[in-house]
Structures are given as structure tokens and as C-alpha cells.
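Chain by chain, the residues run as shown.
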Amino acid sequence: MNPAGKPGKTASLMPVEVALARLLEMAEASPIRERERLPVAQVQGRVLADDLVSTLDLPPWPNSAMDGYALRVADWTGEPLLVSQKIFAGQAPEPLKPGTCVRIFTGAPVPADADCVEMQENAEVQADERVRFLESMKPGQNIRPQGQETTVGELVLPAGTRLGPIEQGLAASLGCAELDVVRKVRVAVLSTGDELVEPGQALGPGQIYNSNRALLCSWLQRLGCEVIDAGILPDDLVTTRARLGELKDVDLILSTGGVSVGEADFLGMALREEGELALWKLAIKPGKPLTFGHFRGVPVIGLPGNPASTLVTFALLARPYLLRRQGVKEVEPLKFQVPAGFVWPRPGNRREYLRGRLENGRAIIYKNQSSGVLRSAAWADGLVEVLEDRTLMEGEYVVFIPLSEVLG
Ligand code: AMP
Ligand code: MG
């Protein structure tokens, strides 16, 4: 029921979370199992195939967090101490001579028997080069203990982790020169529609430039997929069937357009003939019609063709599917609750993903939310989720999904 008390049309539409759950289930049924070993510098955007277990204590020995002096707290009487050695990062120290201190620099190993480091700002070098410590000290102070980050045998990154600069740095810190990653998912991108023309060509009557191809090919690359650019499919069953048949060595055929049950639904016809087809009507806006099926055993996802619909359904449904095929566990973007900086007076029967921005901590939305307007997303920082049957007053909380969360 919507707030007006009338039964909505929502019941006949598939909720977004149901569609996502089904897609993830299907992704899990055909995981990518092949793997490859790559230098750590080349694993950006890839998925870790095995647990990364530490073979080191990190740091391997206690080391100084400061430039200063290492000593034993118990040796401090207030009298100046003799400096018995100087240790830079990269050097191996001698054990501490009782009753002395050691000049030490950040990252240098703390000598055995020293139990604290005093920063140089709290030390006074005397004329005879002995050092007076001005304040009392605590054992352990300014020492980074051995294994504070990780110890031998500890699980540092589980299999299924997506690798980015931070994980690459972490793996390198553990001495990994190479990592085993899941092989890239091979995705064929198809645009459908007689009206489509590639940029660079002249537009004829009734024609528009193909934007989804550029959008999806680039996005898929950022997701670590191997992209097979399968061009534009005309609205014609024979060609559709033939072109789909050429796409054999792919893990997914991702098409846009032609998924409404209209007369021009040639992709649907081809799938019905040579595979299987589920046509979902989703409670999502922009979006709604989404195809999932198989063509001669190859999974096919058909996204709606309007560019903003393509963007939203790819971000929320196809992206998680692709990541899960590679074994990624956390496939959903981080979401934040923010106050709405706009009003939403009329409840809808589909969940809306408005292209919006944060301004002074509030979500505002682009003036034109038509599914044909991709500029709305170029202007936006994120998707503002407005639930089915929901109205909003300014200041009420909405979910904000940063585009940066889903673009990579
Ligand atoms: P369809 O789902 O094929 O009925 O397409 C819905 C709308 O999206 C129509 O206005 C199409 O012209 C448009 N459209 C479909 N594919 C693309 C594309 N690749 N690039 C730009 N617009 C498209
Ligand atoms: Mg079309």
C-alpha cells in the first residue's frame, strides 16, 4: 500500500534485492576458477585467488618510532648517560651496554635490553656529549613492537579480496613479489538498436550516437575485466543469432537495449530459441526491464538501453554479478545515510536511484532525472536511493551511494 492507501503496482515488480540475490546465486554457479600469477605491481583491480598468509613478523624486530635515544628506563636516575652507539635504519645494533643510552633513528632496530626510546626533543646533549633526559619515561614508549602489524601464519588478506594500491603495498611489505589472482572475466559488450551509430560517423535521420559501448567498455576495464567489444547489433533476428553465436570464448555477454518486450526484442527471441531467458521487471528507476539468460550455455545479461538506466542497473546488478563470478565476497558498495536537500512529494512504485551530489552535507539531485540523460550522472557524485512508496521532506535521511564506490 502506498501512503494514499491504494494498492500500488509494486507487487508485480521484482525488488532490487531479489534480483541481486538471484544474479549472485547464478554467478556462484559458474565461478571463474582459472588463475594466473602476476607481479604485485600488476594486480591492480584483480581478485586474490588464495589467502595471503604472512610468512614474516612485521616489523621483524622492535624498532624506533622516533629519532631519539634508546635506553633502559631503570637506568634513568636524572644523571646524564653516556651514548654508547649510534644506530641508523638498516643497521644491526649491539646489545645495550648497561648504564648507557644509544642514539637511534626512526625505523632502526632497538638494541636488546633497551626498553624505551625517548624523543630527541626531550633530551639535552651535555658539553661532554653525555645526554640528560628531562622527563620520566615508560617501558615500551616509542617502540614499535615486533609483529605489531602481523605475525607469521596470520591471515592478512582472504582469497576473494579485490586488490588495489593498499593491498599491493601490504603484499609488498610481506615480501610478496608475485600474487596468484583469478583470471579476468571475459565480457562481450553488445549494443543493440538500428538507431545507433558510432562516434566519428555522420548521423543519419533518426540516428543517435552509441554511448553505452564507451561507458561499459571503460567501466569493465576498471573492474578488471577483459572486454570483447562486440559492436552494434542491428534489430534483426538472423543477425542477432549469428553474432551471438560468434561469442564463444566469453564468460558473459552483456548487452544494452532491446530488452523491453516490444517488437524489437530480438535478443530475447534469440535467447528463447537457443537458450533460456528470464525477463525481469524490476522495481528500479531508471531501469525496469532486465534480461538474464543463456545463449548456447553462455550467460547473458541484457540491460535496458537508456544510458542512465544502463548505468544504474550495471552499477547495482551487473557489477556485483561480475565481481562474484571472480569470487569477491563483498560486492556491494558502501552506502551512507545523508539528509535530503530536496523534497520528494510523490511516492513511486519503483526504487529510484536519483543522480545526486552532496552539498553542505545534504544530498541534492540533478534537475533532470530522465533515464535518457547521462549528463545527470556526469554532474553527480552518487546515487540517491529513494525507496518504493516513499515521500521525503527536506532533512529526512536517504541512502547515498558514491559513484566512486561503484565505478572501480
Ligand atoms: P531499447 O531498450 O532498445 O528500447 O532502448 C531504450 C532507449 O535507449 C532508446 O531511446 C534507445 O535509443 C536508447 N539506447 C539504446 N541503446 C543505446 C546506446 N547504446 N546508446 C545510447 N542510447 C541507447
Ligand atoms: Mg532498441
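How each quantity is defined
Residues numbered from 1 in each chain as written. Chains lettered and ligands numbered in written order. Predicted model: local features only at pLDDT ≥ 70, side-chain atom pairs only at ≥ 80, totals over all residues. Heavy atoms only, no water. Buried < 20%, exposed > 50% of the residue type's maximum accessible area, 1.4 Å probe, protein only. Helix = DSSP H or I, 4+ residues; strand = E, 2+ residues; numbered from the N terminus. Contact = heavy atoms within 4.5 Å. Near = heavy atom within 4 Å. Polar contact = N/O pair within 3.5 Å; in protein donor to acceptor, adjacent residues only side chain to side chain. Areas by Shrake-Rupley, 256 points an atom, 1.4 Å probe, with all protein chains shown as cover. Nonpolar A, V, L, I, M, F, W, Y, C, P; charged D, E, K, R; others polar. Pairing = 2+ DSSP bridges. Salt bridge = Lys/Arg side-chain N within 4 Å of Asp/Glu carboxyl O. Phe/Tyr/Trp six-rings, centres within 6.5 Å; stacked < 30°, edge-to-face > 60°. Domains from an automatic or database assignment. Axes fitted to C-alpha atoms, helices over the stretch in contact; angles between N-to-C directions. Parallel < 35°, antiparallel > 145°, perpendicular 65-115°, else oblique. Left-handed = near helix turned anticlockwise from the far one by under 90°.

*Asks:* Can you walk me through helix α3 (residues 212-222) in this structure?
*Replies:* Because an α-helix packs 3.6 residues into every turn, residues spaced three or four apart end up facing the same way. Taken together, the buried positions of α3 are occupied by Asn-212, Leu-215, Leu-216, Cys-217, Trp-219 and Leu-220. The secondary structure elements touched by the buried residues of α3 are β13 (186-192), β16 (226-233), β17 (252-256), α6 (307-325) and α8 (403-407). Immediately downstream of α3, the backbone of Gly-224 shows phi near 80 degrees, a positive value.

*Asks:* Hey, could you run me through the site of ligand 1 in this one?
*Replies:* Near ligand 1, the surroundings consist of 15 residues, among which Glu-195, Asn-210, Ser-211, Gly-258 and Asn-306 are the closest. For ligand 1, an oxygen atom lies 2.5 Å from a polar atom in the side chain of Glu-195. Within the backbone of Gly-305, a nitrogen or oxygen atom sits 3.3 Å from a nitrogen atom of ligand 1. Protein chains bury 75% of the 480 Å² of accessible surface belonging to ligand 1 in isolation. Broken down by secondary-structure element, the contributors of at least two residues to the shell around ligand 1 are β13 and β15 (208-209). Classifying every residue of the shell around ligand 1 by side-chain character gives three nonpolar, 11 polar and one charged.

*Asks:* How should I be thinking about the pairing of strand β6 (residues 100-104) in this particular structure?
*Replies:* Both faces of the sheet carry side chains from a regular strand, because those side chains alternate between them. Buried residues dominate β6, accounting for five of its five residues. The alternating pattern of β6 places Thr-100, Val-102 and Ile-104 and Cys-101 and Arg-103 on opposite faces, both of which are buried. Examined bridge by bridge, strand β4 (residues 68-71) and β6 share three bridges and lie antiparallel to one another. What sits directly across from Tyr-69, in β6, is Arg-103.

*Asks:* Teacher, can you tell me more about the pattern of salt bridges here?
*Replies:* When charged atoms on two side chains of opposite charge get close, those side chains can pair. Across all of its chains, the model carries 20 salt bridges by this definition. Among the ionic pairs, Arg-241 bridges to Glu-273, the shortest N-O distance being 2.8 Å. Here the residue Arg-241 occupies a position in helix α4 (residues 237-246), and Glu-273 occupies one in helix α5 (residues 266-274), the gap between them amounting to 32 residues. One salt bridge connects Arg-390 with Glu-396, and the closest N-O pair in it is separated by 3.1 Å. Overall, Arg-390 belongs to the partly exposed group, its relative accessible area being 27%.

*Asks:* Looking at this structure, I do not really get the side chain of Ser-191. What am I missing?
*Replies:* Following the sequence through the fold, Ser-191 ends up in strand β13. Separated by 3.0 Å, the side chains of Ser-191 and Asn-210 make a polar contact. Apart from the residues lying within four places of it in its own chain, the contact partners of Ser-191 are Leu-196, Asn-210, Arg-213, Gly-231, Ile-232, Leu-233 and Thr-256.

*Asks:* Teacher, can you tell me more about the packing of aromatic side chains here?
*Replies:* Each pair of aromatic rings is reported with the distance of its centres and the angle of its planes. By the definition in use, this model includes seven aromatic pairs. Aromatic pair Trp-219 and Phe-314: ring centres 4.6 Å apart, planes at 55 degrees, arrangement tilted. Taken together, the residues Trp-219 in helix α3 and Phe-314 in helix α6 connect sequence positions 95 residues apart. Take Trp-219: its relative accessible area is 3%, and that puts it in the buried class. Between Trp-280 and Phe-292, the ring centres sit 6.3 Å apart and the planes meet at 10 degrees, which makes this aromatic pair stacked. Here the residue Trp-280 occupies a position in strand β18 (residues 275-281), and Phe-292 occupies one in strand β20 (residues 289-295), the gap between them amounting to 12 residues. A single burial state applies to Trp-280 and to Phe-292, both of which are buried. Taken together, Trp-280, Phe-292 and Tyr-321 form an aromatic cluster joined through their ring pairs.

*Asks:* Would you mind going over the domain arrangement of the protein chain with me for this structure?
*Replies:* Often the size quoted for an interface is simply the accessible area lost on bringing the parts together. Each assigned domain of the protein chain is listed with its residue range as follows: domain 1 (9-34 + 183-325), domain 2 (36-57 + 149-182), domain 3 (63-144) and domain 4 (336-406). For domain 3 and domain 4, the distance between their C-alpha centres works out to 57 Å.

*Asks:* What am I meant to see in the packing of helix α1 (residues 16-29) against α6 here?
*Replies:* In a pair of packed helices, the angle between the axes and the distance between the axes together describe the arrangement. Where α1 meets α6, the closest approach of the two axes is 8 Å, and the angle between their N-to-C directions is 25 degrees. By the angle class used here, α1 and α6 are roughly parallel. Here the hand of the crossing between α1 and α6 comes out right-handed. Each of Val-16, Ala-19, Leu-20, Leu-23, Leu-24, Met-26, Ala-27 and Glu-28 in α1 lies in contact with α6, whose residues at this interface are Leu-316, Leu-317, Pro-320, Tyr-321, Arg-324 and Arg-325. Of the residues belonging to the contact of α1 with α6, the class tally is 11 nonpolar, no polar and three charged.

*Asks:* Where do I start with the environment of Glu-246 in this structure?
*Replies:* Looking at where Glu-246 falls in the secondary structure, it is placed in helix α4. Note: C-alpha distance between Glu-246 and Glu-167 (79 residues apart in sequence) is 38 Å.

*Asks:* Where do I start with the sheet that holds β6 in this structure?
*Replies:* Spatially, the four strands line up as an open sheet ordered β5-β6-β4-β7, and their pairing is mixed. Of all strands in the sheet, those bounded by a partner on one side alone are β5 (82-87) and β7 (116-119). Direction aside, neighbouring strands of the sheet carry axes that sit 30 degrees apart on average.

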